[in-house]
Amino acid sequence: MTSGHKRVEILWPDGQRSVSHNGEDWLSAARQAGVHVPTGCMGGSCGACEIDVDGTTVRACISTVPASASGQLKVELATDPYW
């Protein structure tokens, strides 16, 4: 990682914690933490991979870990009855 990428602690739904860097894609960060994020189209259109990051819903297949002023992000898996 380049010096522009800062470490971010991620708090996952199962209580696990991991460290990532801003700019890393969410699916890689989840995989490294052993957290399964459902996927579908891998292009952002189906919504299967939606996660809530500090209360904001993002699609993990097309989004990256943002910088965090606190150095910490809380992730919840979005709940969709169709997935």
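Below: a short report on this structure.

The rules we used
- Residues numbered from 1 in each chain as written.
- Predicted model: local features only at pLDDT ≥ 70, side-chain atom pairs only at ≥ 80, totals over all residues.
- Heavy atoms only, no water.
- Helix = DSSP H or I, 4+ residues; strand = E, 2+ residues; numbered from the N terminus.
- Buried < 20%, exposed > 50% of the residue type's maximum accessible area, 1.4 Å probe, protein only.
- Contact = heavy atoms within 4.5 Å.
- Areas by Shrake-Rupley, 256 points an atom, 1.4 Å probe, with all protein chains shown as cover.
- Core = buried A, V, L, I, M, F, W, Y, C linked by side-chain atoms within 4.5 Å.
- Phe/Tyr/Trp six-rings, centres within 6.5 Å; stacked < 30°, edge-to-face > 60°.
- Polar contact = N/O pair within 3.5 Å; in protein donor to acceptor, adjacent residues only side chain to side chain.

**Topic: the overall build of the chain**
Argument step 1. Scanning the chain from N- to C-terminus turns up one helix and five strands.
Argument step 2. Counting from the amino terminus, the chain carries its helices and strands in the arrangement β-β-α-β-β-β.
Argument step 3. Per-residue burial for the chain yields a buried fraction of 35% across its 83 residues.
Argument step 4. A sequence separation of at least 24 residues applies to 43% of the contacts in the chain between residues at least 6 apart.
Argument step 5. When the accessible surface of the chain is split by element, carbon and sulfur atoms take 49% of a total near 5,000 Å².

**Quick look at the environment of Gln72**
Argument step 1. For Gln72, the position within the fold is in strand β5 (residues 72-77).
Argument step 2. The class for Gln72 is partly exposed, based on a relative accessible area of 32%.
Argument step 3. Separated by 52 residues in the primary sequence, Gln72 and Ser20 have C-alpha atoms spaced 9.9 Å apart.
Argument step 4. Not counting residues within four places of it along the chain, the set of residues in contact with Gln72 comprises Val8, Glu9, Leu11, Arg17 and Asp54.

**Observations regarding the nonpolar core**
Argument step 1. With 18 residues, the main nonpolar core has Trp12 and Trp26 as its most contacted residues.
Argument step 2. When residues of this core are traced back to their parent elements, those giving at least two are β1 (7-11), α1 (26-33), β3 (50-53) and β5.
Argument step 3. With five residues, the single largest contributor to this core is α1.
Argument step 4. Sequence-distant contacts of Trp26, that is, excluding residues within four places in its chain, are made with Ile10, Trp12, Ile51, Val53, Val58, Ala60, Ser63, Thr64, Val65, Pro66, Leu73 and Val75.

**Comments concerning the packing of aromatic side chains**
Argument step 1. Inspection of every chain in the model, using the stated rule, returns one aromatic pair.
Argument step 2. Aromatic pair Trp12 and Trp26: ring centres 6.0 Å apart, planes at 90 degrees, arrangement edge-to-face. One end of the pair, Trp12, is in the loop between β1 and β2 (17-21); the other, Trp26, is in helix α1, with 14 residues separating them in the sequence. Residue Trp12 shares its accessibility class with Trp26, and that shared class is buried.

**Quick notes on α1**
Argument step 1. The element α1 is largely enclosed, with a buried count of six among its eight residues.
Argument step 2. Trp26, Leu27, Ser28, Ala29, Ala30 and Ala33 are the residues of α1 that are buried.
Argument step 3. As for α1, its buried residues are in contact with β1, β2, β3, β4 (56-59) and β5.
Argument step 4. For α1, the side-chain oxygen to backbone nitrogen distance between the N-cap and Leu27 is 3.3 Å, and the N-cap itself is Asp25.
Argument step 5. Residue Gly34 follows α1 closely and has a positive phi angle near 80 degrees.

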